[in-house]
There are 2 protein chains.
Amino acid sequence: MRNLVVQKFGGTSVADTDKIKNVANSVIREKKLGNDVVVVVSAMGHTTDYLMKMAKDISEVPSSRELDMLLSTGEGVSIALLSMAIQAQGYDAVSMNAMQIGIITENVHTKARIIDIKTDKLNKYLSEGKIIVVAGFQGVTEDGEITTLGRGGSDTSAVAIASALDAKRCDIYTDVEGVYTTDPRIVPNASKLDVVTYDEMLELASVGANVLHPRSVETAKQFNMPLRVRSSFNLENRGNLIKGEYDDMEICRPVTGVAVDMSKVRIVVCDVPDEPGVAAKIFTTLADEHISVDTIIQSYARLHNNTNDIAFTINKTDLPRAMELFDKINDEIKADKIHIDDNIAKVSIVGAGMIDRPGVAATMFDTLANLNINIKMISTSEVKISCLVDADVANDALRALHKAFNLGCDVIATVKGDLPNI
Amino acid sequence: MRNLVVQKFGGTSVADTDKIKNVANSVIREKKLGNDVVVVVSAMGHTTDYLMKMAKDISEVPSSRELDMLLSTGEGVSIALLSMAIQAQGYDAVSMNAMQIGIITENVHTKARIIDIKTDKLNKYLSEGKIIVVAGFQGVTEDGEITTLGRGGSDTSAVAIASALDAKRCDIYTDVEGVYTTDPRIVPNASKLDVVTYDEMLELASVGANVLHPRSVETAKQFNMPLRVRSSFNLENRGNLIKGEYDDMEICRPVTGVAVDMSKVRIVVCDVPDEPGVAAKIFTTLADEHISVDTIIQSYARLHNNTNDIAFTINKTDLPRAMELFDKINDEIKADKIHIDDNIAKVSIVGAGMIDRPGVAATMFDTLANLNINIKMISTSEVKISCLVDADVANDALRALHKAFNLGCDVIATVKGDLPNI
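Residues numbered from 1 in each chain as written. Chains lettered and ligands numbered in written order. Predicted model: local features only at pLDDT ≥ 70, side-chain atom pairs only at ≥ 80, totals over all residues. Heavy atoms only, no water.

Student: I would appreciate a short explanation of the sheet that holds strand E15 (residues 293–298) of chain A in the present structure.
Tutor: Neighbouring strands of a sheet are bound in pairs by backbone hydrogen bonds; such pairs are parallel or else antiparallel. All names here are of chain A. A sheet is described by the order of its strands in space; here 4 strands give the open sequence E15-E16-E14-E17, paired in antiparallel fashion. For this open sheet the edge positions go to E15 and strand E17 (337–341), each flanked by a neighbour on one side alone. Averaged over all pairs of adjacent strands, the angle between strand axes in this sheet comes to 20°, irrespective of strand direction. Relative to E17, strand E14 (residues 264–273) is paired through 5 bridges, and the arrangement is antiparallel. Pairing of Val-268 across the sheet is with His-339, part of E17. Its contacts with the sheet put helix H10 (residues 278–288) on E14, E15 and strand E16 (307–315), and the angle it makes with E16 is roughly 15°. (Pairing = 2+ DSSP bridges. Helix = DSSP H or I, 4+ residues; strand = E, 2+ residues; numbered from the N terminus. Axes fitted to C-alpha atoms, helices over the stretch in contact; angles between N-to-C directions. Contact = heavy atoms within 4.5 Å.)

Student: Teacher, can you tell me more about helix H11 (residues 319–333) of chain B here?
Tutor: One turn of an α-helix holds 3.6 residues; hence residues three or four places apart share an orientation. Residue and element names in this part refer to chain B. Spanning 15 residues, H11 covers only 18 Å between terminal C-alpha atoms, well under the ideal 21 Å at 1.5 Å per step. Along H11, the largest kink reaches about 40° and is centred on Asp-327. Of the residues making up H11, those classed as buried are Leu-319, Ala-322, Leu-325, Phe-326, Ile-329 and Ile-333. Once H11 ends, the next one or two residues include Lys-334, with phi positive near 50°. (Expected span 1.5 Å × (residues − 1). Bend = angle between axes of the 7 residues up to and from the residue. Buried < 20%, exposed > 50% of the residue type's maximum accessible area, 1.4 Å probe, protein only.)

Student: Explain the packing of aromatic side chains to me, please; I cannot follow it from the model alone.
Tutor: Aromatic rings considered in pairs are described by the distance between their centres and by the relative angle of their planes. Counted by the stated rule, this structure contains 6 aromatic pairs over all chains. Summarising the aromatic geometry, the rings of Phe283(B) and Phe312(B) are spaced 5.1 Å apart at their centres and angled 75° between planes, so their arrangement reads as edge-to-face. With Phe283(B) in helix H10 (residues 278–288) and Phe312(B) in strand E16 (residues 307–315), the pair connects residues that are 29 residues apart, well separated along the chain. The class of Phe283(B) is buried, set by a relative accessible area of 18%. Classification of Phe312(B) by relative accessible area gives buried; the value is 0%. Aromatic rings pair up to connect Phe283(A), Phe312(A) and Phe326(A) into one cluster. (Phe/Tyr/Trp six-rings, centres within 6.5 Å; stacked < 30°, edge-to-face > 60°.)

Student: For this particular structure, what's the right way to read the sheet that holds E16(B)?
Tutor: Residues and elements named next belong to chain B. One open sheet holds the 4 strands; their spatial order is E15-E16-E14-E17, and the pairing between them is antiparallel. One side of each edge strand has no neighbouring strand; the edge strands of this open sheet are strand E15 (293–298) and strand E17 (337–341). Sheet twist, expressed as the mean angle between neighbouring strand axes with direction ignored, is 20°. With 4 bridges connecting them, E15 and E16 associate as antiparallel partners. For Val-293, the partnering residue across the bridge sits in E16 and is Ile-314. Across the sheet, H10 is in contact with strand E14 (264–273), E15 and E16; its angle to E16 comes to roughly 15°. On the sheet, H11 packs against E14, E16 and E17 and is oriented at approximately 5° with respect to E14.

Student: Would you mind showing me how to read the packing of helix H12 (residues 359–370) of chain B against helix H13 (residues 394–404) of chain B here?
Tutor: Geometry of a packed helix pair, given as the angle between the helix axes and the separation of the axes. Residues and elements named next belong to chain B. The N-to-C vectors of H12 and H13 enclose an angle of 135°; their axes lie 10 Å apart at closest approach. Between H12 and H13, the angle is such that the two are oblique. Note on packing geometry: the crossing formed by H12 with H13 is right-handed. Across from Thr-363, Met-364, Thr-367 and Leu-368 in H12, the residues of H13 making contact are Ala-397, Ala-400, Leu-401 and Ala-404. Partitioning the contact of H12 with H13 into residue classes produces 6 nonpolar, 2 polar and no charged. (Parallel < 35°, antiparallel > 145°, perpendicular 65-115°, else oblique. Left-handed = near helix turned anticlockwise from the far one by under 90°. Nonpolar A, V, L, I, M, F, W, Y, C, P; charged D, E, K, R; others polar.)

See below:
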C-alpha cells in the first residue's frame, strides 16, 4: 500500500466546463493532503446519449465494435479537459486513455471485463509527481481493439486501477448522497450508513440501491480495496466507507439495510421431467445468451407423475429473448407450460450481522404476515434474505421492514450499541 | 500499384448523420467499381470548434499535448459512424484510429509530421475484403503519445496512407468545386483546371488557393501519388487531377493560375553589419520557434558603411512572437531599425510551362505597370513569379493578370492548344 488515492467522477460531475473546474479543485485538494492522485472520469453528462442517438440515426443495429469505438471517444474529451483544468491551477497533470495505459480486457464488445492493467507508464508519471487523469469505462484487447466495460464501467475502472497500483483507497464521487439503509424516496427517514461491508453493498446494489455497480464492488472485494462513496456536490459529507468487515465497534445491528427490486420477472417452468440434465439445459441455454438468472427454486419432485416445477427470476428486459429460447428447447425439456409473473417485486433485508442472529428471518416473515402480504418465493444468502411479493405491496413491505429493524434515522442513533437480540 | 483507391472526406462532408450516409454511398460506389477502398475522414463539421471552445473556457493556454488528446476524439466519432453507415448497406467495414494502425509521427504536438505508417493490420483487413475507415488528422508517437497533424492534416493522412499502401489514386473530396485558375470569388470567370502538376498546385496552395494543404501535395509529389480533387456534392464533376507532369497533349499554356495571398507581413531588418552569421542568426532564431519565413531578399551591401538590409515575409499571426525574438537577439545582429509593413499582398502567377517562355515575367510586370501598381519585392521559383504589392490594389492586380494570361473560362476553351508564345 502506498500514499496514493484513486478518485472517480461520473458523467454528471463533469457535465460542463464549470463542473470540470470543480472536479479539478477536488483533485488538487487530495494532492495537497500529500497523496499521489489518479483520477478516473466518465464521459461528460449526456455525451453517451448524444452519441447513441447518432448511431441509431444511422443504423438500427449498429455493430458493437463500432459502438465501442464511438462511445470511447466521450472519455477522451473529459480526460483532456480535466487535465487542462488541473494544469490551469499550476499542477502537473497528464491524461491517459485505456490504450495508452494498457487496460486489457476480454475480446468482448460493450461489456468487456478487465483482465490486466499495465502499471509501468502510470508508475512513471506518478514518480514524476504528475496527477494522472484516466479514461474510465474503456479498455483495449491484446489485439488493440477498443472495448467498453458496460454499465457502471467507470467505477470498475477506478477500483481496478486502485488495486493494480496498490492504492490506499478508492473514492467514488457520485451525484447521489451515498448509501442509505434504504431508498429515501420510498422511506423518508432512511439513515445514511457510515460503514458497510462489500457483501452488504453487493446485496444492496443488486437489489436496487443504484449507488455503485456490483462489478466494481466485486472487484474491490477481490482486492480488499477500501471504497469511499462521496458526494461531488457536498465535500463536507465524508460519505460511506465500504470495506471487508466491520471493526468490533462498528457492528451493532443485525440488519444494515432493506431494499426493493422491481426489475425482475418470475418464470415458472411447470411439470418438467424429474431427470438429470433438465435444469442444466435451461440455465446453460440462458447463460449462453448472457441472460442473468437471479433466484432459482426447484420444488420437490411430484411422485405421482415424476415431474418438477422450476421457478426463477430474470430481468424484465430479457423476457422476450428468454421466451424465444424456451420455444427452441422445449422439445428437450418437455415442460407442460411456462408461467410468467411480471407483477412481482423482490424485497430484501441485508446485513453482515444477521448470520449469528437466528430471529432475523422470523422477524421479516412476521412483519410481512402482519401486513397480510403473501410471500411467493424466498431466497437467502449469508448476508441477505429476499422475499418475492406482489409489486403493489412492495413499498409497504419496505417501509414496514425498515421500521421493524429500527433503521430510521430517528431511531438508529439511540439504538446504536444497544440493539435487541431479535 | 494495386487495385486500391484511398478516399478522403473532410468535416463538412460528414457534418451530420445524413451527410455521413451520403459519404457511405460514395465509398460503396467506388467499392462496386471493383476497387479496394480505404476512406480517411475528418471530425464532423464544427466538432473541432466546439472542442476548442471548451478548452478555452478551461484554460487560456491549454497544453498542446492535452489539445491533441481532445481534438483527436473528433475523428473517433466520425469513423465509427461512417463504418456503421457502410455496414447498414450490407458492406463490411472496420474503423481504425491512428493508434490502432500505427500512424507514427514525430514527437511534436498540434503539427506533427508522419514518419511511418504500419501497413500490416491495414493489409490484413483489405485481404478480408473490408472497407477500412481511417481517422485522419491524428497520429501517435513511438511512445504512444497522441499527436495531430495540424491544418489540412486529414489530406496528409490520406496521401500518406495511399502511398504506404501503394494505391493507384488518392481522391480528396471537398466542399469546394476544385482547383481553378484563380479564386472565383475575386475573378468570376476563373476556369476549372482539369490537370495541374504537384509543383503548380504547391505554388497555388501556398499563395492562397485553399483547396489542399501544401503538406499533402508535397507528400503526393514525394511518392508520385496521383491526387484527384472532387466535390462531395457533385459527383458528376470529375474534379481535378494533380500529378507529376503534364502529358504532351495537356500542356498548352505558360501560366496555369494566378493567386493572391493577404496573410503575410513584410519585415525589413535595416542596416545590419555585412558580416558572416547575421542572416543565419535571424533565420535560425525564427526557425527554432517554428516561424515560417516566406520570401527572403537581401540587398547588396552598402559599401560606405558596410551594412545590409534583409527583408522577408512571415505570417501576420507570427508577428508578435517574431518581434519578441528580435528584441532578444538585437544585441547580436545590431540592426539599426526594424521596419514592419503589414498592408501588403503577394500576387503570383504559377505555371509549369513558364520555364521555357522568357516573356512571361515581362508580361506580368508590364500588366502591373499599366495599372500603376508599385512592386515592392519580387521572388521567383521554377514554376512561379511573385510580386509583393500594396494590399489595396491586390485584387485589381489579380484580375488584370488573369486576363493578361487568357485564363478566363470564356477564353480558355478557345485558346487551348493555340496559345501565343508570350
